[in-house]
Each structure stands twice: as structure tokens, then as C-alpha cells.
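So you can see what is in the structure, the chains are spelled out below.
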Amino acid sequence: MKIEAFQVEEWMNAYETKATYNIAETCVDSISLNELFRVVGANPSEFWERFSARRLTYGDIVGKAEFLQGVCSLYQTLSEGQIIPTHGAAGANHLLVSALVESGDHVVSVMPTYQQLYAIPRALEARVDILHLRKEDGYLPDLDALRSMVTEQTKLICINNPNNPTGALMKGDMLREIVEIARACGAYLHCDEVYRHLNQDDIYVESIADLYEKGISTSSMSKVFSLAGLRIGWIATQDAAARTACLSHRDYCHISSGLFDEEVSAIALANAGELLARNRTLIRENLLVLDAWVAQEPHISYVRPEAGTTALLEYDFDMDSFAFCTRLLEEHGALLTPGDCFEQPRSARIGYACKTEELTQGLEALHHFLQSL
């Protein structure tokens, strides 16, 4: 299978370790095991004594019960048997699309979004139509346009909520309209929900897996729970046929998740409230910093994100975004992600969920760079 270069990941692979100020990071400020145990009130000595005695055989093939219970707590209607553990959300997206989509199938995906959602179907020789999200719409989908794109042959609709890279948030009424569009043609509706629960306002936004019988949610421990190093995610769906297909493909590429990954994830999910409180506080305080900075920069504009950890900064210089971000890094040490990685020219994605000090220093470096142009 030939597949196009994964632009955002290749950029991060090449430059992430070279940054003085990494304001391209998309996870909420990552935590150590010691900090996790402190935040959730767990006893590290008890954990290490118990875990160190375990034989390092395969883990539970379908997932550790406590981990599955923790994932289910993030949804309203799902049971443990409706959760499939994967290798991060990236593994969940890849497994799901590969299991459902065949050559010649019709797929609709939004853009900008994480490239997996349209590049993998293309690699599988599906017919992929793109629903472009526009700044003038707040980067929310035009539902009339979506209705005009789907047909009785549409196999899969891919959306992303909250959106990466813009931070746009589809709320309940819009999600229900999208569900009705998918239901009318019998399509699966896949929503990458890796930033779900990180809202700027205290509102609850449902998962697509709770709203639609053929809705499929993918997510992970990486962004929301600050535990990307665990490399664990999941597929969640009520649809039995989708689960069967995913489990069949999973046997070829996954077998089971790591014992350690599921053990620590179960602890984190059992104490999700404490971690979410920490992380929501950080993203809300940091967005105030970013918002004030944007207001003072004459060459920068953006749609203020409603959720997630990222925003799309647009600039008015006649400069390719790869050149913009490369010069910024080389001359001032700050790392952003080129907007062209998302097919959004003259823009750059910023991750604002790092430590507040690093965000402030990175924005100061970006300010000096803008003054030099």
C-alpha cells in the first residue's frame, strides 16, 4: 500500500528535539509517574511492589478490565465489550479506517484535520471527498455542503471534535444534525475525539459513539490526560460489525496492549476528575495568555479556539509556512507547525497547553521574529 507523506509527523520528527521553546506540542503539559501518583493520591511504593512481581507475558487480549471500565466512564452508553484498546489514537484511526474502507468506497472527510482521516482512505484507493472547513464559519462544517456530498454509496464520514488544528468545537445540536445526515445514507460516522473534555467553557459535549448506532469514537491517554508516553488509545462503538472488523484486523497488528500501559492508564482513568481539573485549568489560563498576545500582533489573526490544545495562527506575510516556521526555529528557537501540513497556507499551528512559562517565552520569541520580517 502506497501512502502519502504524513506532513505533520515528519515535521515534528525532524525538528521537535531542536527547539528551545516547543510551542508546537499538542499534549497538555506531560506528567511523570511521580506527578501522576501525587495528583491522584496513589501510593507509588505499593504500585511498584505489585507491578514488579507480575510476569511480563501478554496483557489481556481484549484489554484490562479496570482500563476498559475507566474508558467507559468517559461515555454515557457504552459497555466494556464496546471498547477496543489500540496503540494510541493514531493506531485507533489507522486500524478503524483500514478495517472498514475498501477500494472504491466513498469517504467524506473534513479538512483541516489530522491527516490520517483522509490520507489512509486515499491509500486504500477509496474515493475521498473533502469538506473544507472555513475561517468565516469558525472552522465548523457547512452541513448543507455535507448533505450534498454524501450519497447512498457513502461508506464513512470522518470528523474531528474538537478540531485539530483550529480548536473549533461542534456542540450537541450540530453533532445530532451530522448523525442524521450519516443515518440517512447508512454511513459509519467516525469522530476523532482525542481532545474531547478539554473545553474552554464548563459544558459537556457528547461523544459520537453515544449519539449514533454507527458512530465510532477514537481517543487516547495522550492529549487530555498528559500521558502520551503510555502509547495507548481506543476505538469505541456500539456497532457490532465495525467491532468485529476491527478485532479481526487488530490480530494482525496489535494482539494486546502493554501491561504497564494499561495498568497506569487504569489508575489515571479511575481519577480522571483530578487530571481533567488540572489540565482544564492550564489550557484556560494559557489561552488567556495567547489571546492577549494575538490581540497585540498586527500581522497575526486567528479564530479563538473553544476547546482542545491548539490554534491556527494566520499571518499576512507573503511567505510559505514551511519557510516561516523553519526561520522561526533557526533564528529564535521557537517551534510551530506549518499550516501547509494541514493544507492551510500562510498559517501555523500553535500548541498552547505547555507550561505557561514556556508558552510565554515562545510567544516572545515569535514576536521578535515577526518584527524582523
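Rules used in this analysis
Every chain is numbered on its own, with residues counted from 1 as its sequence reads. Thresholds applied to this predicted model are a pLDDT of at least 70 for local features of residues and 80 or more for the giving and counting of side-chain atom pairs; totals over whole chains, interfaces and linings are not thresholded and use all residues. Calculated side-chain values reflect all of the structure's heavy atoms, with hydrogen atoms and water omitted. In DSSP terms, a helix is any run of H or I states spanning at least four residues, a strand is any run of E spanning at least two, and both are numbered starting from the N terminus. N or O atoms within 3.5 Å of each other form a polar contact, as long as, within protein, one can give a hydrogen and the other can take it, and as long as residues adjacent in sequence are counted only when both atoms are side-chain atoms. Every residue pair with non-hydrogen atoms within 4.5 Å of one another is taken to be in contact. Any two strands with at least two DSSP bridges between them are considered paired. For each residue, the accessible area found with a 1.4 Å probe, counting protein chains only, is set against the maximum for its type, and the residue is called buried under 20%, exposed over 50%, and partly exposed in between. The directions considered for the arc run from the helix axis to the C-beta atoms. Counted as salt bridges are all cases of a side-chain nitrogen of Lys or Arg within 4 Å of a carboxyl oxygen of Asp or Glu.

K.L.:
Looking at this model, I keep getting lost on the side chain of His254. Mind explaining?
P.N.:
Note on placement: His254 falls in the loop between α10 (240-253) and α11 (259-270). A distance of 3.0 Å separates polar atoms of two side chains, one belonging to His254 and the other to Ser257. Beyond its immediate sequence surroundings of up to four residues, His254 is in contact with Pro85, Thr86 and His87.

K.L.:
I tried to follow the pairing of strand β4 (residues 127-132) on my own but got confused; where do I start?
P.N.:
Consecutive side chains along a regular strand alternate between the two faces of the sheet. Pairing of strand β3 (residues 106-111) with β4, which is carried by 6 bridges, proceeds in the parallel orientation. Across the sheet, Ser109 pairs through a bridge with Ile130, a residue of β4.

K.L.:
Please clarify how the environment of Thr309 should be interpreted in this entry.
P.N.:
Position of Thr309 relative to the elements: it lies in the loop between β9 (300-301) and β10 (310-315). The exposure class assigned to Thr309 is buried, which follows from its relative accessible area of 0%. Each C-alpha atom, one on Thr309 and one on Pro85, is 24 Å from the other, the two residues being 224 residues apart in sequence. Setting aside its immediate chain neighbours within four residues, Thr309 contacts Thr26, Val28, Tyr195, Leu198, Ile283, Ile350, Gly351, Tyr352 and Ala353. Within polar-contact distance, the side chain of Thr309 engages the backbone oxygen of Thr26 at 2.5 Å.

K.L.:
Looking at this structure, I do not really get helix α2 (residues 33-40). What am I missing?
P.N.:
An α-helix turns once every 3.6 residues. As a result, residues three or four positions apart point the same way. Turning to α2, its buried residues are Leu36, Phe37, Val39 and Val40. In an axial view of α2, the angular spread of the buried residues amounts to 165°, which keeps them on one side of the axis. Residues of α2 that are exposed and point over 90 degrees away from its buried face: Asn34 and Arg38. Considering only its buried residues, α2 is in contact with α3 (44-52), α11 and α12 (272-295).

K.L.:
Looking at this structure, how should I read the pattern of salt bridges?
P.N.:
It is possible for side chains bearing opposite charge to pair when their charged atoms get close. Throughout the structure, instances matching the rule amount to 26 salt bridges. Put simply, Arg176 and Glu206 hold a salt bridge, and the shortest N to O gap is 2.6 Å. Within this pair, whereas Arg176 is found in helix α8 (residues 172-185), its partner Glu206 is found in the loop between β6 (188-192) and α9 (208-211), the two being separated by 30 residues in sequence. Note on Arg176: relative accessible area 38%, which makes it partly exposed. The residue Glu213 makes a salt bridge to Arg183 at a minimum N-O spacing of 2.8 Å.

Note that all results are geometric; they support no functional claim without further evidence.
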